[in-house]
Amino acid sequence: MTDPTLAGGGLVSIPALLARNARSFAASPAYREKEYGIWQSWTWLQVQEEIRALALGFLELGVAPGDHVAVIGGNRPVLYWSMVAAQSVGAIPVPLYQDAVAEEMAYVLDHCGARWIVAEDQEQVDKVLEVADRVGYIEHILYHDRRGMRKYDHGRMNAISDVQRTGRAAHDRFDAELAKRSAALGYDDTCVMLYTSGTTGRPKGVVLSNRNIIEASKSSSDFDSLGPGESVLAYLPMAWVGDFIFSVGQAYWCGFCVSCPEAAETMYENLHEIGPTYFFAPPRYFEQRITLLLIRMEDAGRLKKRMFDHFMAHAKRVGPDLMDGKPVGLWDRLWYGLGNVAVYGPIRNRAGMANVRVAYTAGEAIGPEIFEFWRSLGINLKQLYGQTEASVFITQQPDGEVRADTVGVPSPGVEVKIGETGEVFYRSPGTFVEYYKNADSTASTKDAEGWVATGDAGFFEEDTGHLRIIDRAKDVGKTASGALFAPKYVENKLKFFPNVLEAVVFGADRDMCCAFLNIDLTAVGNWAERNNVSYGSYQELAGMDAVLDQMQGHVEEVNASLATDPMLSGCQIHRFLVLHKELDADDGELTRTRKVRRRIIEEKFSDLIAALYDGTGTVSTETEVTYEDGRKGSIKAKLTIRDAKVMPVTGKTLEAAE
Amino acid sequence: MNEMAQDGYVTEDGRTIGSVVLEMKNITLRFGGVTAIQDISFDIREGEIRAIIGPNGAGKSSMLNVINGFYTPQEGEIWFHGSRRPKMKPYEVARQGIARTFQNIALFKGMSTLDNIMTGRNTMMTSGLLAQALWFGKAEREEIRHRSQVEKIIDFLEIQHIRKTPVGKLPYGLQKRVELGRALAAEPKLLLLDEPMAGMNVEEKEDMSRFILDVNDEFGTTIALIEHDMGVVMDISDRVVVMDYGRKIGDGTPDEVRANPEVIDAYLGVSHD
């Protein structure tokens, strides 16, 4: 591993990077936030002062080295500062998902023993107070937004700006201590602790050291030649490792500017205003944007619609080649240039992608058509494969070698190998230290030589050296007939249809595969509107025969495509139903990052699964739902189960490897 | 809380309620032969959330219109800040610091949220028509100042995402919120809300309740609101006036009102022994 002192000249912690940036980029913008309708900005020098004031305030409060400081809220500059301020005094920031309900929060706060809480507003403070009695360690709560906080007992609570003020006033007493604590930070000290969303069981606290974060940020910044001129919009949850790397790790390493949206709902508008150069979004985002665009084009005038159709067809043909630098005829180039002025440029601008140099997507498989759509518009959209335990980066796609079905080559400094069972393993400077207070899990995930099991099954393509991921290793199984069963692979194929929001496929150790589907309310609702189909609720729309017909069409199309794949033809879907409610993280059916939690769904909807397999035509069910405020209710429904046509297998079915 | 001292009282949640701001003395309002309000007296104290409830047609909206200056009662006196209020036009009442929202939303449908809320500051704009049209000097400074106030309200009501959306396109619950925003833009001392939660689902009602409480808490605004949905009102009000067929049948804290047999009759229509 690289010697830290050689690597960055003493840049062994985020506070050290902050000091460097305040010197080297003093007057450049470090943070922007829209407040009262106007973008406000802070230079690196100002940010250093803000963070210092808060760090002094932390010392005044009595924050000790090694303490955990939980940070809960949306993407706000001041919350990012509070994380760096905590690091400056030797404490460990623990960002939490802001939409977590009090129960989930209680577990994490208790597990890390958080003594200090930094909350965005009253909503978050209320959640903390609700569980504070059970979590015995909490000493003090800091909050950002004063609204509604006047009546609270301020004995153990303060506004962040008040803490900063007392910090500034007390600088005589604490300057030396702050300098001492910041200087004591080592490359192998903990930088941040992030809780994994936990597809199974309780969340685990992933301990990432300064080495992990800084090495990962450094090599990934080099990979895409990111510099101080980049601009990003921080809109993804702060508790997610990606946001920590993009908005803190890479931003502090390169010294670029992080902009925070005005509110979660204004994200599209703010993206358009900021026009970032470097952008990350999950596949779902890119999909939704296309759905929105297509809906709008349906309402556009005829000339515009024809122009759009014509130039999009042209872009589809030559765009990706242009992007990859492959030879394209002069006429096609000129025509693409015209399209760029008339169609592609305006779309890129509307989508806030006018300045994007590098865009990444990850987390789930992305539909090939969605992927190609954005690339054909001239946006350098690439895929990466990563996880919290790796400080994000495991593999990523180099410019010019981008495809929808692979996740790229190993990132710089990362070694990747495929285990005997087909599971992907990696080892890198970004590899996490441990799971906090969970030696068993650490040992079962990371071996003595530092190889980490990803839990994903995949393989390297022989001719390109690119990694392809099939599914979660533990979900890959066999059907009763012995054929390979990879549910996520099939689910992704289903989800590539705009009408399908979510799919869950069953079939492990069973004689056939069956599926639950969720309709996409935006897409199907738009269809209903255009066809004068009236509906009163999500449930009613989802149960309509015409909608079921559409779904059946999609399922059969997927079956046809699976039939041509010798490895996965056994995964064709025989029967399916459309669920009466959207799968939701509040009900525990999805993780906070919107991954399907199979075990929980299997338990919760066991009656529906039984009906899929016993040949019933309709089934009545009642499901408990949790509202946003944590109260519970229930939905009753009668669901129709459809049989889908299964294609004869064109290739020979392969037995699953043991 | 039962004993109303001359200079106010302290609520259960610890807010201090001040002296009487508005006092209605023996108000009677007739439309031809129909008596809409009959000899009603009550007061509103500073910092208070005061509800007027009653079944449909009880005369609640008429009462609000009397306070607001839209109707002039045939009998009775209105005392505002310790002096008797002469007959006034609604805009004069507005200048005194009384703003309101309407039962059937009365916004400019084609204008954006921002512009609608800006109209709430109309009574405070002093530059002339020409100066505003040329947008020069004082008019410019004035608009910037008003805009910054309006932006604070937009932030307060969490409607940044619809800042530039024409209000006609907004769902009902949000239109109600914009209307509240416009009333707040006038920086009222007394805010009159006419059925702020009518037609809302449970979640929207909860949001609206929170905003009403926050307005009262943050700006110290005195609030008088009309509702016929008892549930929500009882949760957020300090004192409640109950009306039925133009008469006052109850007045007091939510608990007192709930226990009042006449109120139970009016709402449930059951006889009691």
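Cut-offs used in this document
Residues numbered from 1 in each chain as written. Chains lettered and ligands numbered in written order. Predicted model: local features only at pLDDT ≥ 70, side-chain atom pairs only at ≥ 80, totals over all residues. Helix = DSSP H or I, 4+ residues; strand = E, 2+ residues; numbered from the N terminus. Rg over C-alpha atoms; globule rule 2.2 N^0.38 Å. Buried ≥ 20, exposed ≤ 12 C-beta atoms within 10 Å, placed from the backbone. Contact = placed C-beta atoms within 7 Å. Core = buried A, V, L, I, M, F, W, Y, C linked by C-beta atoms within 7 Å. Nonpolar A, V, L, I, M, F, W, Y, C, P; charged D, E, K, R; others polar. Pairing = 2+ DSSP bridges. Axes fitted to C-alpha atoms, helices over the stretch in contact; angles between N-to-C directions. Parallel < 35°, antiparallel > 145°, perpendicular 65-115°, else oblique. Left-handed = near helix turned anticlockwise from the far one by under 90°. pLDDT = per-residue confidence, 0-100.

Helix and strand content of chain A: 22 helices and 28 strands. By the compact-globule yardstick of 26 Å for 658 residues, chain A fits well, its C-alpha radius of gyration being 26 Å. Evaluated residue by residue, chain A yields a buried proportion of 47% over its 658 residues. For chain A, the proportion of contacts with a sequence separation of at least 24, taken over those separated by at least 6, is 65%.

A few words on the overall build of chain B. A tally of regular secondary structure across chain B gives 10 helices and 12 strands. Taken over C-alpha atoms, the radius of gyration comes to 19 Å for chain B, in line with the 19 Å a tight globule of 273 residues would show. With the C-alpha coordinates of chain B rotated into their principal frame, the extents come out at 70 × 40 × 40 Å. Across the 273 residues in chain B, those meeting the buried criterion constitute 36%.

So, on to the nonpolar core. Grouped together as the largest cluster of nonpolar side chains are 187 residues, with contacts concentrated most on V69, V71, L96, I117, A515 and L517 of chain A. Those residues in contact with A515 of chain A that sit more than four places away from it in its chain are A503, V504, V505, V555, I573 and F576 of chain A. Of all hydrophobic cores here, the second largest spans 61 residues; its members include A58, M63, I162 and V167 of chain B.

Moving on, we get to the interface of chain B and chain A. Of the residues lining the interface, 13 residues belong to chain B; the matching set on chain A comes to 10 residues. Secondary-structure elements contributing two or more residues to the side of chain B that touches chain A are α5 (138-156) and α7 (202-219) of chain B. Residue contributions to the side of chain B that touches chain A peak at 4 residues, all from α5 of chain B. For the side of chain B that touches chain A, a count of residues per class yields no nonpolar, 4 polar and 9 charged.

What follows is about the sheet that holds strand β12 (residues 278-280) of chain A. Residue and element names in this part refer to chain A. On the basis of which strands lie adjacent, the open sheet formed by 5 strands has the order β12-β13-β14-β15-β16 and mixed pairing. Looking at strand neighbours, the two that pair on one side only are β12 and β16 (409-410), the edges of this open sheet. Note that β12 and strand β13 (residues 358-361) share 3 bridges and pair parallel. Pairing of F280 across the sheet is with Y360, part of β13.

Right, let's talk about helix α1 (residues 60-67) of chain B for a bit. Residues and elements named next belong to chain B. For α1, a buried count of 6 out of 8 residues is recorded, marking the element as mostly surrounded by other parts of the structure. When we look at burial in α1, the residues that qualify are K60, M63, L64, N65, V66 and I67. Immediately beyond the C-terminal end of α1, within one or two residues, lies G69, with a positive phi of roughly 90 degrees.

Not every positive phi belongs to a glycine, and K437 of chain A is a case in point at roughly 50 degrees. Summarising the element assignment, K437 of chain A is placed in the loop between β19 (434-435) and α16 (439-445). Since 13 C-beta atoms lie within 10 Å of it, K437 of chain A is described here as partly exposed. Here D39 of chain B, not a glycine, exhibits a phi torsion of approximately 50 degrees, which is positive. Among the structural elements, D39 of chain B can be located in strand β4 (residues 34-45). Note on D39 of chain B: 14 C-beta atoms within 10 Å, which makes it partly exposed.

This part is about the packing of helix α2 (residues 14-24) of chain A against helix α4 (residues 77-88) of chain A. Residues and elements named next belong to chain A. The N-to-C vectors of α2 and α4 enclose an angle of 110 degrees; their axes lie 8 Å apart at closest approach. Between α2 and α4, the crossing angle belongs to the class labelled roughly perpendicular. In this structure, α2 uses I14, P15 and L18 to contact α4, whose residues at the interface are V84, Q87 and S88.

All names here are of chain A. The interhelical angle for the contact between helix α3 (residues 44-61) and α4, taken along N-to-C directions, is 55 degrees, at an axis separation of 8 Å. In terms of their interaxial angle, α3 and α4 are classed as oblique. Our pair here, α3 against α4, has a crossing hand that is right-handed. Of α4, the residues touching α3 (which contributes V47, E50, I51, L54, A55 and F58) are W81, S82, V84, A85, A86 and S88.

Next up on the list: the pairing of strand β12 (residues 247-252) of chain B. Residues and elements named next belong to chain B. Bridge count for strand β11 (residues 239-244) against β12 is 5 bridges, and the pairing is antiparallel. Bridge pairing links M243 to K248 in β12. Hairpin connection from β11 to β12: 2 residues lie between these consecutive antiparallel strands, with Y245 at a positive phi of about 45 degrees.

All names here are of chain A. Read across the sheet, 3 strands follow the order β8-β9-β19 without closing on themselves; strand pairing throughout is antiparallel. Of all strands in the sheet, those with a lone pairing partner are β8 (190-195) and β19, marking the two edges. In this sheet, strand β9 (residues 205-209) lies alongside β8 in antiparallel orientation, the contact comprising 5 bridges. Bridge pairing in β9 links V192 to L208.

Residue and element names in this part refer to chain A. One ladder, built from 3 bridges, connects strand β26 (residues 573-578) with strand β28 (residues 632-643); its direction is antiparallel. In the strand pairing of β28, F576 is matched with R642. Sheet topology note: the strand β27 (residues 618-626)/β28 ladder contains 9 bridges and is antiparallel. Each bridged residue has a counterpart across the sheet, and for T626 the counterpart in β28 is K632. If you look at the hairpin formed by β27 and β28, you'll find 5 residues sitting between the two strands, and G630 has a positive phi there, around 95 degrees.

Bringing the environment of T123 of chain B into the picture now. Residue and element names in this part refer to chain B. Tracing the backbone through its elements, the reader meets T123 in the loop between α3 (113-119) and α4 (129-134). For the pair T123 and A186, spaced 63 residues apart in sequence, the C-alpha separation works out to 7.5 Å. Excluding residues that lie within four positions of it along the chain, T123 makes contacts with Y91, A94, R95 and A186.

Caution applies to low-pLDDT parts of the model: their predicted coordinates are not meant to be read in detail. All names here are of chain B. On average, residues of chain B score 88 in pLDDT, and 95% of them reach the 70 mark or higher. Predicted confidence for residues 1-5 stays below pLDDT 50, and this span has 5 contacts to residues more than four positions away or in other chains. Interface predicted TM-score (ipTM) for the complex: 0.78; the corresponding pTM is 0.83.

Another aspect to go through is the environment of R468 of chain A. Residue and element names in this part refer to chain A. The residue R468 is located in strand β21 (residues 467-472) in this model. Judged by the 17 C-beta atoms lying within 10 Å of it, R468 falls in the partly exposed class. Discounting chain neighbours no more than four positions away, the residues touching R468 are D405, T406, G458, F459 and E461.

Further remarks concern α2 of chain A. Residue pairs spaced three or four apart in an α-helix point in one direction, given the helix's 3.6 residues per turn. Those residues of α2 of chain A not exposed but buried are I14, P15, A16, L17, L18, N21 and A22 of chain A. Lining the buried residues of α2 of chain A we find β1 (29-35), α3, α4, α8 (171-183), β8 and α10 (241-254) of chain A.

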